[in-house]
Amino acid sequence: MRKKKCIAMLLAGGQGSRLGLLTKVMAKPAVPFGGKYRIIDFPLSNCTNSQIDTVGVLTQYRPLELNRYIGSGQPWDLDLNNGGVFVLPPYMTAKSGEWYRGTANAIYQNISFIEQYDPDYVLILSGDHIYKMDYNKMLSAHIDAKADCTIAVRPVPWEIAPSFGIMNVDADNRIIEFEEKPKQPKSNLASMGVYIFTWKVLREYLIADDKDPKSKNDFGKNIIPNMLGDKKVLLAYSFESYWKDVGTIASLWEANMDLLKVPPEFDLNDPRWKIYARSPIMPPHFIGGSAIVEQSLIAEGCEVHGTVRGSVLFAGVNIASNAIIEDSVIMPNTRVESGAIVRRAIVAENCVVSSDCVVGELEGDIALVGQETTLPEGFVVKAGEQVDTDEIARREAETHE
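Residues numbered from 1 in each chain as written. Predicted model: local features only at pLDDT ≥ 70, side-chain atom pairs only at ≥ 80, totals over all residues. Heavy atoms only, no water.

1. Structural notes on the packing of helix H6 (residues 199-211) against helix H7 (residues 219-229)
Packing of H6 against H7 brings their axes to within 11 Å, and their N-to-C directions diverge by 120°. Classified by the angle their axes make, H6 and H7 are oblique. As for the relative orientation of H6 and H7, their crossing is right-handed in sense. Along its contact with H6, which presents Val201, Leu202, Tyr205, Leu206 and Asp209, the element H7 presents Phe219, Asn222, Ile223, Asn226 and Met227. Here the residues of the contact of H6 with H7 sort into 7 nonpolar, 2 polar and 1 charged. (Axes fitted to C-alpha atoms, helices over the stretch in contact; angles between N-to-C directions. Helix = DSSP H or I, 4+ residues; strand = E, 2+ residues; numbered from the N terminus. Parallel < 35°, antiparallel > 145°, perpendicular 65-115°, else oblique. Left-handed = near helix turned anticlockwise from the far one by under 90°. Contact = heavy atoms within 4.5 Å. Nonpolar A, V, L, I, M, F, W, Y, C, P; charged D, E, K, R; others polar.)

Written as structure tokens, this is what we have:
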């Protein structure tokens, strides 16, 4: 293998339990976003646009959909002879086999993959964030500072700072203290979960961490605090453009709605920084004569005869006449039948919202319909409720008792 200056390792194995039914059958990075993308398209596209051509994708929970989607890496121009994108699940050895025990352990288990490329630097990414970032600029800052580790940070509102890893820095942006989800944070500079390490240094810490029986094998809880304790050079790299952790139903819905603002908070039409995706082969969308469509994203293969306002429709969605969709996200190949009303909701892939159903409400938490669910005629899903085939069966059983 030809030596690489920097390779990326993308942590894509999380269950994403806060996304509820959306991750019941797939890993969080495979969840659809923005009409034609999946969450993992954003870090992969960032790598391509940053000329980082070797990416290891570390999967664990429900990897089938993600593996199938990534394939050879062709949509992101990562189908290369020397480099490319590689799916790296946990594996059995002659002596043992185990799940990834934490973020650091996931990288530790793939040291042999990394060393094929003899990189000077390793970029660690999360697979559940929506953002556009030039990793090369961050790498240049890392090299200029002669840092052992550089962490991308951004200011967050003080009231949500306790839910992040928080950096306290000096006048030169050197990290002097790292607090993992502090109750009373000293700053509001939050870690974005994007790290660049000098590989020789990180390798030593990963090996030592694996030998520590008390370790949680986590970057935030173990590796970074240990490096700080050893007086290694840790740099905070400020990033102030759009970034969204879409790890909850509310944040995923909000990020989709951000695309619909004028101007959009997150621009998918930037020719200087394209977001690549594996797109379905479908005909153009069709808007019928009875349709009303306002301020919405409508993907290919959609057929709209009803009313769609402030919503995101993925490929292959069919909205019947007299159906109303408002402030909602309708994922691929879902059909909404006549008389149904969907408001402030996410409806997952391959669903049927039958006639006269009501999903969501004008106010309150986001309603969610899980994948491959057919709602019976007149079925009601209230604000904040999550419904799938199992939940429908449970309700029907209760009514017959």
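From this point, the narrative continues.
2. Here's the deal with the confidence of the model for the chain
When pLDDT is averaged across the chain, the result is 92; 95% of the residues are at 70 or more. Contacts from residues 92-97, a stretch scored under 50 in pLDDT, to residues over four places away or in other chains number 3 contacts. (pLDDT = per-residue confidence, 0-100.)

3. Side note on the sheet that holds strand S27 (residues 358-359)
Spatially, S15-S18-S21-S24-S27-S30 is the arrangement adopted by the 6 strands of the open sheet, whose pairing is parallel. Looking along the sheet, the strands with just one partner apiece sit at the ends: strand S15 (292-294) and strand S30 (380-381). Pairing of strand S18 (residues 307-309) with strand S21 (residues 324-326) involves 3 bridges; the strand directions are parallel. Pairing of Val308 across the sheet is with Ile325, part of S21. (Pairing = 2+ DSSP bridges.)

4. What to know about the nonpolar core
Taken as a class, soluble globular proteins show a tendency for nonpolar side chains to be buried jointly. In this structure, Leu252 and Ile346 are the most contacted members of the largest nonpolar core, which totals 69 residues. Look past the residues within four positions of Ile346 in its chain and what remains in contact with it is Leu22, Ile249, Leu252, Trp253, Val329, Met331, Ile366, Ala367, Leu368 and Val369. Judged by nonpolar contacts, the second largest core, of 34 residues, contains Leu88, Val122, Leu189 and Leu228. (Core = buried A, V, L, I, M, F, W, Y, C linked by side-chain atoms within 4.5 Å. Buried < 20%, exposed > 50% of the residue type's maximum accessible area, 1.4 Å probe, protein only.)

5. Here we look at unusual backbone geometry
Keep in mind that most residues, glycine aside, have a negative phi and that most peptide bonds are trans. Put simply, Val262 and Pro263 share a cis peptide bond, and its omega is -5°. Relative to the helices and strands, Pro263 resides in the loop between helix H8 (249-258) and strand S14 (286-287). One non-glycine residue with positive phi stands out, namely Gln51, at about 60°. For Gln51, the location among the structural elements is in the loop between helix H1 (41-49) and strand S4 (54-58). Since its relative accessible area comes to 61%, Gln51 is described here as exposed.

6. Things to note about the sheet that holds strand S23 (residues 335-336)
Ordered in space as S14-S17-S20-S23-S26-S29, the 6 strands form an open sheet in which the pairing is parallel. Pairing within the sheet leaves two strands with one partner each, and these edge strands are S14 and strand S29 (374-375). In this structure, S23 lies alongside strand S26 (residues 352-353), joined through 2 bridges in parallel fashion. Residue Arg335 lies in a different strand from S26, and its bridge partner there is Val352.

7. Topic: the pattern of salt bridges
As enumerated under the stated definition, the model contains 22 salt bridges in all. The salt bridge involving Arg38 is made with Glu349; its shortest N-O contact spans 3.5 Å. Highlighted residues: Arg38 in strand S3 (residues 37-38) and Glu349 in the loop between strand S25 (345-347) and S26, separated in sequence by 311 residues. Glu349 carries the same exposure label as Arg38, and that label is buried. (Salt bridge = Lys/Arg side-chain N within 4 Å of Asp/Glu carboxyl O.)

8. Things to note about the environment of Ser191
Among the secondary structure elements, Ser191 is positioned in strand S11 (residues 189-198). The spacing of Ser191 and Glu180 is 11 residues in sequence and 9.4 Å in space, taken between C-alpha atoms. Of note is the side chain of Ser191, whose polar atom sits 3.1 Å from the backbone nitrogen of Gly193. (Polar contact = N/O pair within 3.5 Å; in protein donor to acceptor, adjacent residues only side chain to side chain.)

9. Looking at the packing of aromatic side chains
Scanning the model with the defined rule gives 13 aromatic pairs in all. Taking 5.6 Å as the distance between ring centres and 80° as the angle between the ring planes, the aromatic pair formed by Phe33 and Phe42 counts as edge-to-face. Here Phe33 and Phe42 have matching classes, each one buried. An angle of 40° between the planes, with centres 5.6 Å apart, marks the rings of Tyr195 and Phe219 as tilted. Within this pair, whereas Tyr195 is found in strand S11, its partner Phe219 is found in helix H7, the two being separated by 24 residues in sequence. The exposure class assigned to Tyr195 is buried, which follows from its relative accessible area of 10%. (Phe/Tyr/Trp six-rings, centres within 6.5 Å; stacked < 30°, edge-to-face > 60°.)

10. Observations concerning a positive patch on the surface
Positive charge collects at one region of the surface, where Arg18, Lys181, Lys216 and Lys221 lie side by side. In this structure Arg18 comes out as exposed when scored by relative accessible area, which is 52%. (Patch = residues over 30% accessible without salt bridge, like charges linked within 9 Å, V, L, I, M, F, W, Y side chains within 5 Å. Areas by Shrake-Rupley, 256 points an atom, 1.4 Å probe, with all protein chains shown as cover. Lys, Arg positive; Asp, Glu negative; His and termini not counted. Charge placed at Lys NZ, Arg CZ, Asp CG, Glu CD.)

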